[in-house]
Amino acid sequence: MTSPIIPKLRIAVVIAVVVLAQTSIGGDLRVAGVAPDLPLVLAIAAGMVGGSQTGAWIGFWTGLFFDFLAPATPIGLHAFTFCVTGFVVGTFFESILEDRIFTVALVGGVATAASVLVFVGVGDLLGQSQLLASGRSWLLEVILVEAVWSALLAVPTEWLYRWVGPHGGAPVRKAAMSGALHSREQRVQ
Amino acid sequence: MVAHRRSPRSRYVIAALLLLALTLVVLDTRGRGGGVIGRVRNAVADGFSPLQSATHDVLRPIGNFVAGAIDYGSVRAQNQKLRNQVAAMSVGSARAAAAEQAASEVLKEQGLTFVGSIPTRSVQIIDRSSSNFSVSLTVDKGTSQGIAVGEPVVAVGGLVGTVVSAGSTTSTVRLMGDPSFSVGVSLPGGNVGSASGQGQGKSLTVTVDTTSLKPPVLKVGEVISTSGLSLEAFPKGIPVGRVSKVSSQPGSLEPAIELTPVVDVAQFSFLQVLLWSPP
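Treat the numbers as computed from the prediction; the structure is a model and nothing was measured. (Residues numbered from 1 in each chain as written. Chains lettered and ligands numbered in written order. Predicted model: local features only at pLDDT ≥ 70, side-chain atom pairs only at ≥ 80, totals over all residues. Heavy atoms only, no water.)

### Some thoughts on unusual backbone geometry
Stage number 1. The phi dihedral of Ala32 of chain A is positive, around 55 degrees, even though this residue is not glycine.
Stage number 2. The residue Ala32 of chain A is located in the loop between α1 (5-25) and α2 (38-50) in this model. (Helix = DSSP H or I, 4+ residues; strand = E, 2+ residues; numbered from the N terminus.)

Rendered as structure tokens:
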């Protein structure tokens with residue numbers, strides 16, 4: 001029996017690499033001034049492959065690590081947003097959506113757009129008014145460009161997560177249909 | 001369709017995660033980046049800064065390649081080549097303290113004359129504002145190298161921003177484009193004003209503070225510098241931006257002024273922190 005520690009370590013390394021990549025070259029990849037959000041795409045991919053619980057957990061830890069290295073916003077805001085996003089994406093993939101390339105790309109884009117809105121909305125509610133200081137046109141630009149970035153990156157990231165993750169390549173929907181998801185999640189987490 | 005039932009325990013766990021995240025947000029906001037959470041954040045940032053710096057060095061060519069591909073055919077592609085050259089030269093020179101010192105001296109001779117006798121500290125950029133909602137960057141030196149919150153940051157040509165947080169070995173610099181950035185500037189006719197950031201890639205806007213004087217007359221292309229008045233966070237005479245637009249405002253005698261920052265931070269891998277605090 002394989003130890004559940006190894007998959008967790010692999011995921012931890014992937015989270016670290018993705019967040020470090022974001023903070024190292026994310027700013028260099030701007031299109032129309034908007035950078036991609038690689039940690040968010042990872043949280044989305046985790047939800048697609050592992051389901052709602054995995055999406056929430058991976059989203060939380062990815063966001064929390066990103067919060068520590070991205071000092072512009074308070075700690076916890078990315079963790080909250082990515083946790084919600086991973087959970088919601090995972091829920092849809094468990095019950096409704098098929099695991100196909102087009103769906104993965106589309107959900108990557110839509111989930112990113114929603115996630116940006118949650119990030120700015122919750123941040124503004126909690127006193128981070130600077131998130132809206134650049135105006136609504138900038139917010140719209142960020143949503144559109146970041147969504148396109150995520151749509152492009154969702155497929156390779158989902159493949160990466162499936163490769164290194166604990167699910168052994170099994171799409172979450174199939175796992176759910178076979179009734180194995182709960183036991184698998186419990187073993188992993 | 002297959003309904004997937006979630007156990008009550010998993011719901012509680014996810015709710016607890018969300019509650020924990022929100023609690024951290026509130027605590028960090030109330031602590032204004034300081035306190036226990038601020039110290040933990042600085043410690044984590046310091047701990048990962050060597051890894052971050054190494055990742056930056058390894059991935060930078062990939063980033064440059066992708067960025068060059070995105071901007072292919074535009075003027076920025078040409079700039080990108082220059083950035084590659086500057087980055088290669090800068091990274092090479094950073095490996096030897098003596099070479100870095102020499103580069104710093106060259107920079108001073110070439111374009112930092114406005115610094116005067118203020119001591120400076122050369123810093124390398126290790127994170128170029130990976131967030132879309134703040135205009136900031138992270139550099140590789142902190143309090144252990146004598147850098148403190150509030151110190152101005154410059155490059156060849158003029159002002160870049162100010163240090164807003166400093167850990168032991170890393171610091172965060174808020175750039176002039178950030179909407180929360182503001183600097184006092186001197187304007188013609190004895191006027192003074194405040195130049196404020198408007199967001200990523202946007203011009204700075206200037207508000208004239210001396211409304212009792214005759215409104216300033218400005219020409220497009222004119223360089224505007226810091227005023228250095230008492231209680232100002234910047235010394236006098238640092239170039240801030242070139243006037244890019246001057247227009248009249250309905251219902252106001254003061255003109256609407258826009259500035260383009262004199263420094264394009266994208267062109268630099270190294271910056272200079274002025275070891276200066278307001279008198």
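There's plenty left to go through after this.
### A look at the environment of Gly47 of chain A
Residues and elements named next belong to chain A.
Stage number 1. Along the chain, Gly47 falls in helix α2.
Stage number 2. Judged by relative accessible area, which is 0%, Gly47 ranks as buried.
Stage number 3. Considering only alpha carbons, one finds Gly47 and Phe92, 45 residues apart in sequence, at a separation of 8.8 Å.
Stage number 4. Ignoring any residue separated from it by four or fewer positions in sequence, one finds Gly47 in contact with Gly55, Gly86, Val89, Gly90 and Phe93. (Buried < 20%, exposed > 50% of the residue type's maximum accessible area, 1.4 Å probe, protein only. Contact = heavy atoms within 4.5 Å.)

### What about the pattern of salt bridges?
Stage number 1. On inspection of all chains with the given rule, the structure shows 3 salt bridges over all chains.
Stage number 2. The salt bridge partner of Glu158 of chain A is Arg162 of chain A, with a shortest N-O separation of 2.6 Å. Linking Glu158 of chain A with Arg162 of chain A, this pair stays in helix α6 (residues 136-164), spanning 4 residues, or about one helical turn. In terms of burial, Glu158 of chain A and Arg162 of chain A fall into one category: buried.
Stage number 3. Of the charged contacts, one joins Lys141 of chain B and Asp140 of chain B as a salt bridge, the two residues approaching to 4.0 Å between their closest N and O atoms.
Stage number 4. According to the relative accessible area criterion, Lys141 of chain B is buried, its value standing at 15%.
Stage number 5. With relative accessibility at 24%, the residue Asp140 of chain B sits in the partly exposed group. (Salt bridge = Lys/Arg side-chain N within 4 Å of Asp/Glu carboxyl O.)

### Concerning the environment of Ala56 of chain A
Stage number 1. Its place among the elements puts Ala56 of chain A in helix α3 (residues 52-69).
Stage number 2. Between the C-alpha atoms of Ala56 of chain A and Val89 of chain A, which are 33 residues apart in sequence, the distance is 9.2 Å.
Stage number 3. Apart from the residues lying within four places of it in its own chain, the contact partners of Ala56 of chain A are Cys83, Gly86 and Phe87 of chain A together with Ile14 and Leu17 of chain B.

### Considering the packing of aromatic side chains
Given two aromatic rings, one states the distance between the centres and the angle between the planes to describe the pair.
Stage number 1. A complete count under the given rule lists 6 aromatic pairs over all chains for this structure.
Stage number 2. Summarising the aromatic geometry, the rings of Phe65 of chain A and Phe48 of chain B are spaced 4.8 Å apart at their centres and angled 65 degrees between planes, so their arrangement reads as edge-to-face. Here Phe48 of chain B lies in helix α2 (residues 35-70) and Phe65 of chain A lies in helix α3, a pairing that spans two chains.
Stage number 3. Aromatic pair Phe119 of chain A and Phe133 of chain B: ring centres 6.0 Å apart, planes at 35 degrees, arrangement tilted. In this pair, Phe119 of chain A is assigned in helix α5 (residues 101-125) and Phe133 of chain B in the loop between β1 (120-127) and β2 (136-139), connecting two distinct chains. Of the two residues, Phe119 of chain A and Phe133 of chain B, both sit in the buried class. (Phe/Tyr/Trp six-rings, centres within 6.5 Å; stacked < 30°, edge-to-face > 60°.)

### Overview of α5 of chain A
Stage number 1. Over its 25 residues, α5 of chain A runs 36 Å from end to end, which matches the ideal 36 Å to within 8%, given 1.5 Å per residue.
Stage number 2. Gly127 of chain A sits one or two residues past α5 of chain A and shows a positive phi near 95 degrees. (Expected span 1.5 Å × (residues − 1).)

### Looking at the sheet that holds strand β3 (residues 152-155) of chain B
Residue and element names in this part refer to chain B.
Stage number 1. Read around the barrel, 6 strands follow the order β1-β2-β5-β4-β3-β12 and close on themselves; strand pairing throughout is antiparallel. Taken pair by pair, the neighbouring strands of this sheet meet at an average axis angle of 45 degrees, ignoring direction.
Stage number 2. Where strand β4 (residues 158-166) meets strand β5 (residues 171-175), 5 bridges bridge the pair, whose relative direction is antiparallel. Across the sheet, Thr162 pairs through a bridge with Arg174, a residue of β5. (Pairing = 2+ DSSP bridges. Axes fitted to C-alpha atoms, helices over the stretch in contact; angles between N-to-C directions.)

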